[in-house]
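Residue strings, one per chain:
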Amino acid sequence: MTPAAPRRAVVLGGNRIPFARSDSAYKKASNQDMLTAALDGLVERFGLAGERLGDVVAGAVLKHSRDFNLTRECVLGSRLAPETPAYDIQQACGTGLEAAILVANKIALGQIEAGVAGGVDTTSDAPLALNEDLRSILLDANREKSVQGRLRQLLRVRPQQLAPAIPRNEEPRTGLSMGEHQARTAAEWGITREAQDELAMRSHQNLAAAYERGFQDDLVTPYLGLERDQNLRPDSSIEKLAKLKPVFGGADGTMTAGNSTPLSDGAAVALLASEEWAKQRGLTPLATFVDAETAAVDYVNGREGLLMAPAYAVPRLLERNGLTLQDFDLYEIHEAFASQVLSTLAAWEDPVFCTQRLGRSEPLGAIDRSKLNVNGSSLAAGHPFAATGGRIVAALAKALHERGGGRGLISICAAGGQGVVAILEA
Amino acid sequence: MDRYTQLVNTPIGKTVAKQVGLPKPVPLKRHTPGAPVVDGRVLLGGAPGGRLAQSLAQVLADAGAEVSTPLRPDLRAAAAEAGLDAAPWTPQASVDHRYAALVFDATGITESAQLDELHAFFHPTIRKVARCGRAIVLGTPPESARKPAEAVAQRALEGFTRAIGKEIGRGATVQLVYVEPGAEDQLAGTVRFFLSPRSAFVSAQVVRIGKEGGKVPSDFDWERPLAGKVALVTGASRGIGAAIASTLARDGAHVVGLDVPALEEDLKAVAAGIGGSALALDITDADAPRAIASYLRREHRGVDVVVHNAGITRDRTLGRMDADRWNAVIAVNLSSIERITDALIEGGRKAVLNEGGRIVCVSSISGIAGNAGQTNYATSKAGVIGIVNAYAPELARRGATINAVAPGFIETQMTAKVPLAIREAGRRMSSLWQGGLPVDVAEAIAWFASPATGGVNGNVVRVCGQSLLGA
Ligand SMILES: NC(=O)c1ccc[n+]([C@@H]2O[C@H](COP(=O)([O-])OP(=O)(O)OC[C@H]3O[C@@H](n4cnc5c(N)ncnc54)[C@H](O)[C@@H]3O)[C@@H](O)[C@H]2O)c1
């Protein structure tokens, strides 16, 4: 038997909860609470109560060990049919988009008809690990058979061992935070403070406008008193952004709290399906999930910047699809840091990067900046790591559909020197 | 390394030297066969509108250098074209490494106001130069400028590089290379020399590359540039001459060493050590030019490289100097060079000096600056510069070149005879705070001798660590 030829996977829409700033509106909400809420909002919007879907794929970057089966637990807590299978994945900030790739691929191969892809993260209810010494004492005590034996082990505990090991936002192999890594890349590519602040301001203005005109109405469901993303500052201005002190790259650094994403909490999911499945339910496909690519770079040996992998992934994706960088109507380049977006664009315009590192004969060239992140991105919305992919897939699919067709590019950088990119088309 | 350099580089010596403000000479890195041209990252910049970025990028690529360039489209395109995976550089980039070399194409500077390009490039980078690093500025010879304003701006470069030489410290050197329009493809030999540890003791020099040189073949063997060539080195039995002989042999040449009959045993030992031959005669003998010419024709069917190194000193202040002392020095250091050169180039195309030949003379900073007690010597060594100037056009016509090195204080038997106080002063009165080694002079001569530097003609280059004398 020959397997069926691949078919189209389409994006039908999405749902997310507003993103909150760390230790604020969602400080008591767990990953499971938030992902279940986002899932139930999707069920509500698309009438999926009691439906058995092919897969729900999601993940969280910061995850409690008790959440080993987070997504499946959320499905069981949602109004989807309990017969809906689910699994967790984790690819840092690329988690949400990688989940969408997996769901789209199974749909394309005819293995499932419909699925949900998404992610969730909390930096407020973050898992704390036990101090390593305390952990080994407790394990030793646990192995003792007698009460005295256990007591003897527990008496080894010293006060300083009670301090928890807090998860750190740093690359294990370099000991540098992501921001410090990006500060180097930004300096290398000559990304100015002004250009970063300008990009940040546009992000706030674009997201505010998207809320104003109702664009977010069928993408976001209010949660725990929040109706809009808590980080959004519609009145953000160049003057205000210019006042902030650099937080990365030392005293002369260009990266501030205003042009870097804040720690945030939230969840987002997107619904993907085959065209037949959508038709049967009278649902309108917003965009086709055309193709995707994941790349990784050697940032450890300083060969390449930590967050530069999308600069490699996109050209490979373009090549495979016979497209140029200019063949897009909308670009969604995740704003981990304004300078990450700008470094990536600078690299694509650079003859050395494009010929020597990408092996092309000429640069990819510049993009029309008016097509970039037109409904705002992570600088304004916030960036609960694994939730960002779901937010972008749903919002881009909707924007393409809204403009009556077109092609969109998604680019997301991730910790560990990775990048996940995809093409949507309507 | 001399005693002082050794001492101030011990932990105690370092502390003492720092506290009493003594100069601290850095042990200079020198070339070892097989080592890369440049060990570390090179920053290649230039003023907008320059004409050398492309060929410099190619030279750096061929040399296997790691390169960074400013993010300017012309420089990035030049790097890409040369196949260089050049890292982008911007002034705000907080580099945690040091640059092995800063290379700057200043040919785009056509008026004095644009000299700010020098400031823009070197101000953020000059303190990031590695130990024994290099700074090279390339310009247009003022005499080839199209307008007076350009000539002025280009002439100004010389003050800049000489001043950097005195600031840069840590064993680093700086040079100015004037490239005649049309000679853009002749940079390789000279830029490689100045980038590499071969030019360890050469600093604050001005070199002109003319367009007569001819392109260097792409399969040129940079490890053995003189393979198949015959080189005559006078005064080869010891000191600088012995170093020249072994350096040219290392570069592939068959060396004919020449020295006075009294030193024949030493000379034979040097020749045997490098697979060369020995020719014992006194260059001041009336018959010497003819004897040398016929030996070279008979044994080697000509000669490719001639190094006039033999020289003597007979120091006295002029009032105390007898005529013998005067005459001996002029005869050995100057007249014999003229006579031998004439004998080797006579006969047009049938001359003993082969087509594309190289003549290199050894002058001295005494001949540039003058030196008390050395009226005879200074006269002879200034005359050597005169030989270079006078013969260069004729040699250019036969695709050959003539150049001179002017050594400063070099550690040899000759300088070991100088009284201690004067010797110490001679060593320390330079930007590198130390004397040079015979091999430093030899490496400069090997650069002039290379088939890759045909455009370098009529130059006098000091090998003096930017000595304060006559600078
Ligand atoms: N050592 C320095 O600091 C220094 C500085 C400037 C210039 N120089 C020049 O470098 C050259 C080499 O100097 P060095 O320090 O090695 O001196 P050196 O005295 O050690 O060597 C000179 C060699 O030339 C030979 N020579 C002298 N007269 C000769 C003759 N009539 N015929 C054939 N050979 C003869 C000598 O026998 C000797 O082997 C000389 O021209 C000298 O003037 C040296």
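The rules behind these values
- Residues numbered from 1 in each chain as written.
- Chains lettered and ligands numbered in written order.
- Predicted model: local features only at pLDDT ≥ 70, side-chain atom pairs only at ≥ 80, totals over all residues.
- Heavy atoms only, no water.
- Buried < 20%, exposed > 50% of the residue type's maximum accessible area, 1.4 Å probe, protein only.
- Helix = DSSP H or I, 4+ residues; strand = E, 2+ residues; numbered from the N terminus.
- Arc of directions from axis to C-beta.
- Contact = heavy atoms within 4.5 Å.
- Phe/Tyr/Trp six-rings, centres within 6.5 Å; stacked < 30°, edge-to-face > 60°.
- Core = buried A, V, L, I, M, F, W, Y, C linked by side-chain atoms within 4.5 Å.
- Domains from an automatic or database assignment.
- Expected span 1.5 Å × (residues − 1).
- 1 Å grid on protein atoms, 1.4 Å probe; cavity = no way out; pocket = protein on both sides within 12 Å on 5 of 7 lines; lining within 4 Å.
- Points joined across faces, edges and corners; volume = space filled by probe spheres on them.

Visitor: In this structure, what is going on with helix H2 (residues 70-77) of chain A? I would like to understand it.
Guide: Residue and element names in this part refer to chain A. Looking at H2, one finds that the buried residues are Leu 70, Thr 71, Cys 74 and Val 75. Buried residues of H2, viewed axially, fall in a sector of 135°; they line one side. For H2, the secondary structure elements touched by its buried residues are helix H1 (31-46), strand S3 (55-58), strand S4 (86-88) and strand S5 (114-121).

Visitor: Is there a simple way to explain the packing of aromatic side chains in this structure?
Guide: Within a pair of aromatic rings, the relevant descriptors are the distance that separates the centres and the angle that separates the planes. Residues and elements named next belong to chain B. According to the stated counting rule, one finds 15 aromatic pairs over all chains in the structure shown. Pairing Phe 121 with Phe 122 gives two aromatic rings, centres 5.0 Å apart and planes at 90°, and the pair type is edge-to-face. Grouping residues by exposure puts Phe 121 and Phe 122 together as buried. Here Phe 193 and Phe 194 contribute two aromatic rings whose centre-to-centre distance is 5.2 Å and whose plane-to-plane angle is 50°, an arrangement assigned as tilted. Comparing Phe 193 with Phe 194, the two get one shared label, buried. Counting every residue linked through ring pairs, the aromatic cluster contains Trp 89, Phe 104, Phe 121, Phe 122 and Phe 160.

Visitor: Would you take a moment to explain the nonpolar core for this structure?
Guide: Nonpolar side chains tend toward joint burial in soluble globular proteins. Formed by 76 residues in total, the largest nonpolar core has its most connected members in Leu 138, Leu 187, Leu 195 and Leu 248 of chain B. With eight residues, helix H16 (residues 438-449) of chain B is the single largest residue contributor to this core. Looking at which domains feed residues into this core, each of domain 2 (33-209) and domain 3 (230-463) of chain B supplies at least three. With residues up to four places along the chain from it excluded, the contact list for Leu 187 of chain B reads Leu 52, Ser 55, Leu 56, Val 59, Leu 138, Val 179 and Ile 209 of chain B. Judged by nonpolar contacts, the second largest core, of 48 residues, contains Leu 241, Met 255, Ala 311 and Leu 318 of chain A.

Visitor: Where do I start with helix H10 (residues 288-300) of chain B in this structure?
Guide: Owing to its 3.6 residues per turn, the α-helix aligns residues three or four sequence positions apart on the same side. All names here are of chain B. Look at H10: 17 Å from first C-alpha to last across 13 residues, which is about the 18 Å you get at 1.5 Å a residue. Within H10, burial applies to Ala 288, Pro 289, Ile 292, Ala 293, Tyr 295 and Leu 296. Down the axis of H10, the sector holding all buried residues measures 160°, keeping them to one side. Facing away from the buried side of H10 by more than 90 degrees, the exposed set consists of Arg 290 and Arg 298. Next to the buried residues of H10 lie strand S8 (230-234), strand S9 (254-259), strand S10 (277-280), strand S11 (303-308) and helix H11 (323-345). Backbone geometry just after H10 places Arg 301 at a positive phi near 50°.

Visitor: Explain empty space enclosed by the protein to me, please; I cannot follow it from the model alone.
Guide: Over the atoms, a rolling probe the size of a water molecule traces out where space has been left empty. Residue and element names in this part refer to chain A. Applying the stated rule across the entire model yields one cavity of 30 Å³ or more. If you add up the space inside the largest cavity, you get close to 120 Å³. Looking at the largest cavity, it is lined by 17 residues, and the ones nearest its centre are Arg 16, Gln 216, Leu 219, Arg 391 and Ala 395. Mapped onto the lining of the largest cavity, the elements with two or more residues apiece are strand S1 (9-16), strand S8 (264-274) and helix H14 (388-402). Among the elements that take part in the lining of the largest cavity, H14 stands out by supplying four residues, more than any other.

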